[in-house]
Amino acid sequence: MAKSIDVTDLDIYYGDFKAVEDVNVTIPAKQVTAFIGPSGCGKSTFLRALNRMHEVIPGAYVDGKVLVDGQDLYAVEVDPVAVRRQVGMVFQRPNPFPTMSIYENVIAGMRLNNTKMKKSEADDVVESALRAANLWVEVNERLARPGSGLSGGQQQRLCIARAIAVQPQVLLMDEPCSALDPISTSAIEDLIHELKANYTIVIVTHNMQQAARVSDDTAFFNLSGTGKPGRLIEFGETRKIFSNPDEKATEDYISGRFG
Amino acid sequence: MTPPTQTLEQRPGADGPRGSGPLNTQDQALHTRTLPRFAPLGLLAVATAVSVGISLALGWNRAAMVVVAAILYLVAINLVSRSVENGRRATDRTVTGLVTIAFLIALLPLTTLLYTVLSNGLGALSGEFFSASMRNIIGEGGGIYHAIWGTLIVTGLATLMSVPIGVFSAIYLVEYGKGALARWITFLVDVMTGIPSIVAGLFAYALFVLFLGPGVRSGFGGAVALSVLMVPVVVRATEEMLKLVPNELREASYALGVPRWRTIVKVVLRTASAGIATGVTLAVARVIGETAPLLVIAGSTDSVNFNPFDGRMATLPVFTFYAYSEPGVPAEFSVERAWGAALVLILIVLVLNLIARLISRAYSPKTGR
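Residues numbered from 1 in each chain as written. Chains lettered and ligands numbered in written order. Predicted model: local features only at pLDDT ≥ 70, side-chain atom pairs only at ≥ 80, totals over all residues.

### Considering the environment of Arg111(A)
- Turning to its location among the elements, Arg111(A) is positioned in helix H4 (residues 108-112).
- Spatially, the C-alpha atoms of Arg111(A) and Ile5(A) are 28 Å apart, while their sequence positions differ by 106 residues. (Helix = DSSP H or I, 4+ residues; strand = E, 2+ residues; numbered from the N terminus.)

Printed below as a string of structure tokens:
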């Protein structure tokens, strides 16, 4: 059920400001694709354009095509809400709903949409999502406790469980480990490896080692100067990008000779 | 104020750091001499004693005595701390004293008011007081049954009208409002906050005269007047609470494929509900004691009237006002009823606040493991 993403000629704007320019890329299904690049180069903006979260910001819009399974996400008749049900997202900072318990957080996608489900069904969804997120063993004794009482790493895995409980086809992760310690990071990286079997995963990271560890493909974004739009410089297999990139800018950035 | 200064200054400076050696210089830098714990209280006692002495000698009254004691204390603590400790500590202690005094001054009218109302009003409370109206009562007896119901009905109707208007306006301002319209609404809400209550009453009266002719009186009119006062308070409170909801929660909800309106209802309002409940209660407390607008449009009566759309309706503030300003003969019973009604009004506000606390506790975001 995982789908690939084809992006053609995508420009992304914040009002008059062009943030990302002319992206053409195909993100393969059931693989982990990492976006790397310096701050402000448009990685996160591009990621948010993949499930139409970008346009939540007032004045923001895109121009171009994003095809998931052959359907253009930005076609006129497409409902952004339906898009987001298929393309889930995990954010930089863990953001469990503070008014909900751990259990309610996991099935928030259904509860908030008033999807009718039996108690036993809901229990199954919660258990499988929490197991998939490697959190079940830690929290199964206290599902009724508030989600905000967990540690940062647990909260982030709770957010991942919440995202996969609605069974999306693509999972976008915006620096999911940047607020976490190495042990939690390692737990989430292991999780990304497991999730890859069922989901297309796109991850933004500032951590080059992490990109090298978890991803199959890597996209390097860069911008030519402040106020200029970010561009996709190079996209390819992670092994190649990290050992023998085609572009000099990529090599400079990866080897730390940037700027 | 001089004796403690001297004794404290006579403490040898070397009793702090023990021994000598390379660490000693650092110890000196980190440790400063500190006044003993009891110093502020002791100084306060001295200042009070001096002030009492001066006042007795010069025949000042008690208020002057308190003021002199406070000033003496502030000056003394500043000088003592400056000479024993250092300038920063002295400022700290002086400002602590100032803040505490300001707090006590703020508390003074509140406690006096509560004491006065309790001592004058408690005697009026009785079974009859709560269960009888003033119909056919002259002199002793009677009660505020009609006024309690009037206040509950009028305020309840005002709340029913104001909360939806206020909450929806706030949602518009925070979640949708952009540009000129939102700026105008914000501006008008600010202006409405400052409307004098008598004007709100006259507005409601003028409005109902248009439809029902001159001389109209009704509880519903009173509710309209109160909601004019209440809406801006609810809008402001709700707006602040909605702004406090982190954007990340909205995004988390959108990312799960939840439509915007469900996000607003189930995530934003739900997360802010405790604060909104508190804001609404404060708004109710703000209008429940309003007298002027109700005097104009709801009027006053001695009888029970459950129908807000027909005829005069007594309310606690208006009842209190008339019972005190036109007590009749003999006056003492009516005046006692006025105090009793005022006490009941305060109790109702107290209960409302308690209810808001409970709601707030039940709905506030959960923490803990």
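Picking up after the structure, the text goes on.
### Considerations on the domain arrangement of chain B
Residues and elements named next belong to chain B.
- Domain boundaries in chain B define domain 1 (2-9 + 32-122) and domain 2 (127-363).
- When each unit is reduced to the centre of its C-alpha atoms, the spacing between domain 1 and domain 2 is 41 Å.
- Listed per partner, the contact involves five residues of domain 1 and five residues of domain 2.
- Tallied by class, the residues present in the side of domain 1 that touches domain 2 amount to three nonpolar, two polar and no charged. (Domains from an automatic or database assignment. Contact = placed C-beta atoms within 7 Å. Nonpolar A, V, L, I, M, F, W, Y, C, P; charged D, E, K, R; others polar.)

### A closer look at the interface of chain B and chain A
- The interface is formed by 22 residues belonging to chain B together with 25 residues belonging to chain A.
- Those elements that place two or more of their residues in the side of chain B that touches chain A are helix H11 (247-255) and helix H12 (260-288) of chain B.
- For the side of chain B that touches chain A, the element with the highest residue contribution is H11(B), accounting for seven residues.
- Class assignment for the residues of the side of chain B that touches chain A results in nine nonpolar, five polar and eight charged.

### Re the pairing of strand S1 (residues 5-14) of chain A
Residue and element names in this part refer to chain A.
- As paired elements, S1 and strand S2 (residues 17-27) share seven bridges and run antiparallel to each other. Across the sheet, the residue bridging to leucine 10 is valine 23, located in S2.
- The turn joining S1 and S2, which pair antiparallel and follow one another in sequence, is formed by two residues; a positive phi near 60 degrees is taken by glycine 15. (Pairing = 2+ DSSP bridges.)

### Description of the packing of helix H9 (residues 197-212) of chain B against helix H10 (residues 219-244) of chain B
All names here are of chain B.
- With their axes 8 Å apart at the nearest point, H9 and H10 run at an angle of 135 degrees to one another. Relative to H10, H9 is oriented oblique. Relative to H10, H9 is oriented so that their crossing is right-handed. Residues Ser197, Ala200, Gly201, Phe203, Ala204, Tyr205, Leu207 and Phe208 of H9 form the contact with H10, whose participating residues are Gly221, Val224, Ala225, Val228 and Leu229. (Axes fitted to C-alpha atoms, helices over the stretch in contact; angles between N-to-C directions. Parallel < 35°, antiparallel > 145°, perpendicular 65-115°, else oblique. Left-handed = near helix turned anticlockwise from the far one by under 90°.)

### Here's the deal with the packing of helix H4 (residues 62-84) of chain B against helix H5 (residues 87-121) of chain B
All names here are of chain B.
- Relative orientation of the contacting elements H4 and H5 amounts to 160 degrees, with a least axis distance of 7 Å. Relative to H5, the element H4 is oriented roughly antiparallel. Helix-helix and strand crossings are classified by hand; for H4 and H5 the assignment is right-handed. For the pair formed by H4 and H5, the contact residues are Ala70, Tyr73, Leu74, Ile77, Asn78, Ser81 and Arg82 on the first element and Gly87, Arg89, Ala90, Arg93, Thr94, Gly97, Leu98 and Ile101 on the second.
- Residue composition of the contact of H4 with H5, by class: seven nonpolar, five polar and three charged.

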